[in-house]
Structure formats: structure tokens, C-alpha cells
Amino acid sequence: MEIVNKNAALLSNFEVFTLLKETKEKSAQKLIKKKNLDPNNSNFSTNVDKHLPTVVYESLKYLEKTPCVKQSAETVNNFLTQLDEKFKEYNLTKVEKLQLLNHRPSSAVELQCLIEDSEERFTIEQMDNLLEFVHLFDGKTFFTIFNQRLKFNCT
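Because the structure is a prediction, the values reported are computed rather than measured.

**Quick word on the overall build of the protein**
Point 1. Counting secondary structure elements, the protein contains 8 helices and 0 strands.
Point 2. Ordered by position in the sequence, the α and β elements of the protein form the string α-α-α-α-α-α-α-α.
Point 3. Sorting the 155 residues of the protein into buried and exposed places 28% on the buried side.
Point 4. A separation threshold of at least 6 residues defines the contact pool for the protein, and within that pool the share at least 24 residues apart is 61%.
Point 5. Just so you have it, the protein exposes about 11400 Å², and 53% of that area is on carbon and sulfur atoms.

**Overview of helix α7 (residues 124-136)**
Point 1. Look at α7: 18 Å from first C-alpha to last across 13 residues, which is about the 18 Å you get at 1.5 Å a residue.
Point 2. Of all the positions in α7, only Met127, Asn129, Leu130, Leu131, Glu132, Phe133, Val134 and Leu136 are classed as buried.

**Considerations on a negative patch on the surface**
Point 1. Residues Glu116, Asp117, Glu119 and Glu120 make up a contiguous surface patch of negative charge.
Point 2. Inspection of the secondary structure assignment puts Glu120 in helix α6 (residues 118-121).

**Focus: the packing of helix α3 (residues 73-86) against α7**
Point 1. Contact pair α3 / α7: the axes reach a minimum separation of 11 Å and the direction vectors enclose 160°. By the angle between their directions, the pair α3 and α7 is classed as roughly antiparallel. The interaxial crossing formed by α3 with α7 has right-handed handedness. Between α3, through Phe79, Gln82 and Leu83, and α7, the contact on the second element is made entirely by Leu130, Phe133 and Val134.
Point 2. Classifying every residue of the contact of α3 with α7 by side-chain character gives 5 nonpolar, 1 polar and no charged.

Procedures and definitions
Every chain is numbered on its own, with residues counted from 1 as its sequence reads. In keeping with the model being predicted, local features are shown solely for residues with a pLDDT of at least 70 and side-chain atom pairs are shown and tallied solely at 80 or more, while totals for entire chains, interfaces and linings include all residues. Hydrogen atoms and water are omitted, and side-chain values are computed over all heavy atoms in the structure. Each helix is a run of H or I in the DSSP string that is no shorter than four residues. Each strand is a run of E no shorter than two, and both are numbered from the N terminus. Per-residue accessibility, obtained with a 1.4 Å probe over protein chains only, is compared with the maximum for each type, and a residue is labelled buried under 20%, exposed over 50%, and partly exposed between these values. Here a residue-residue contact requires only that any non-hydrogen atoms of the pair lie within 4.5 Å. Reported accessibility uses the Shrake-Rupley method at a 1.4 Å probe radius. Residues are deemed covered only where the shown protein chains occlude them. By this rule the span expected of a helix is its residue count minus one, scaled by 1.5 Å. Without a salt bridge and with relative accessible area above 30%, a residue can belong to a patch; like charges are then joined within 9 Å and nonpolar side chains (Val, Leu, Ile, Met, Phe, Trp, Tyr) within 5 Å. When a carboxyl oxygen of Asp or Glu is within 4 Å of a side-chain nitrogen of Lys or Arg, the pair counts as a salt bridge. Charge assignment: positive for Lys and Arg, negative for Asp and Glu; neither His nor the chain ends contribute. By convention, charge coordinates are those of NZ in Lys, CZ in Arg, CG in Asp, or CD in Glu. Orientation is described by lines fitted to C-alpha atoms, with helices fitted over the stretch in contact, and by angles between N-to-C directions that extend from 0 to 180 degrees. Here roughly perpendicular refers to angles of 65 to 115 degrees, roughly parallel to angles under 35, roughly antiparallel to angles over 145, and oblique to all remaining angles. It is the rotation of the near helix from the far one that decides the hand of a crossing: anticlockwise by less than a right angle makes it left-handed, clockwise makes it right-handed. For this scheme, ten residues count as nonpolar: Ala, Val, Leu, Ile, Met, Phe, Trp, Tyr, Cys and Pro. Four count as charged, namely Asp, Glu, Lys and Arg, and the remainder, Gly too, count as polar.

Next comes the structure, spelled out in C-alpha cells:
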């Protein structure tokens with residue numbers, strides 16, 4: 001295997017989870033189709049890498065324990081859009097935004113692990129605002145709740 005362009009794209013856990021579910025379904029359909037063509041042949045081979053089902057299974061098993069299970073394409077898009085709008089002055093990198101989306105930190109320590117030099121780049125209040133944003137974001141009620149709390153904190 002050769003890596004053609006290692007920086008082609010960054011994927012969220014949701015995107016990987018969706019891709020793996022699709023891969024699992026396609027592999028299962030191929031297997032059923034091939035078995036239906038020759039039901040007597042129990043020793044048939046597929047043109048799929050023999051380790052692919054294991055990799056897909058183990059990856060899905062891991063990702064099912066992460067926040068990506070509750071996400072949709074719309075919530076991912078809304079999260080990243082709102083993160084850009086509300087925290088533009090924080091100058092978060094693409095990787096840092098993706099880390100926030102994937103891991104949903106709930107403490108300052110977790111945030112420091114995900115964002116490089118966060119203790120030097122942000123005040124405690126800014127870190128709290130970022131944590132609150134991540135905690136409250138569900139794509140629907142977020143806008144109202146976060147804006148109310150932000151206004152309350154500013155006064």
C-alpha cells in the first residue's frame with residue numbers, strides 16, 4: 001500500500017463511522033450474493049482482503065462508544081460552523097476543531113490535551129466558554145441556551 005497524499009482530507013469520527021457501516025453492509029451483500037450463486041460451495045473466496053471484516057468490526061466496536069453515534073451530517077456541519085462563528089478569535093486549527101467534535105471534552109484537562117498550548121493561548125474563562133459550547137451543542141437547542149448564557153456571563 002502506498003500513501004499518495006497523506007494530507008488529502010481530515011475525517012470526523014462520524015464520517016469514518018458512516019463509511020465503515022457502508023463497507024460492512026456492502027461486504028455482507030457481496031457475501032450473500034456470492035453464496036446464493038453457488039450454495040453448495042462453502043469454501044468460496046471473495047476478492048476482499050481477508051482482514052477487512054476484522055478491521056471494520058473492531059473499528060465500529062470502538063466508534064460505537066464515542067459521541068459520533070449520536071451525530072448526523074447536519075449536526076457536524078452546524079457544530080463546525082458555530083464553532084467558527086462563536087470562537088473565531090481563538091484561532092483554532094482544523095485539527096483542533098475536529099478533536100473537539102470527535103472527543104467532546106468535558107474538563108479543562110481534556111481540553112488541554114486536545115488543544116496545543118491552550119493554557120498559554122486562552123484564559124480560564126475562554127476555556128470554560130469553549131467547554132460549555134462543546135457540552136451544550138446538540139444542534140437544536142444549542143443556539144438559544146448558549147446565547148442566553150453568554151449574555152448572562154457578559155453582564
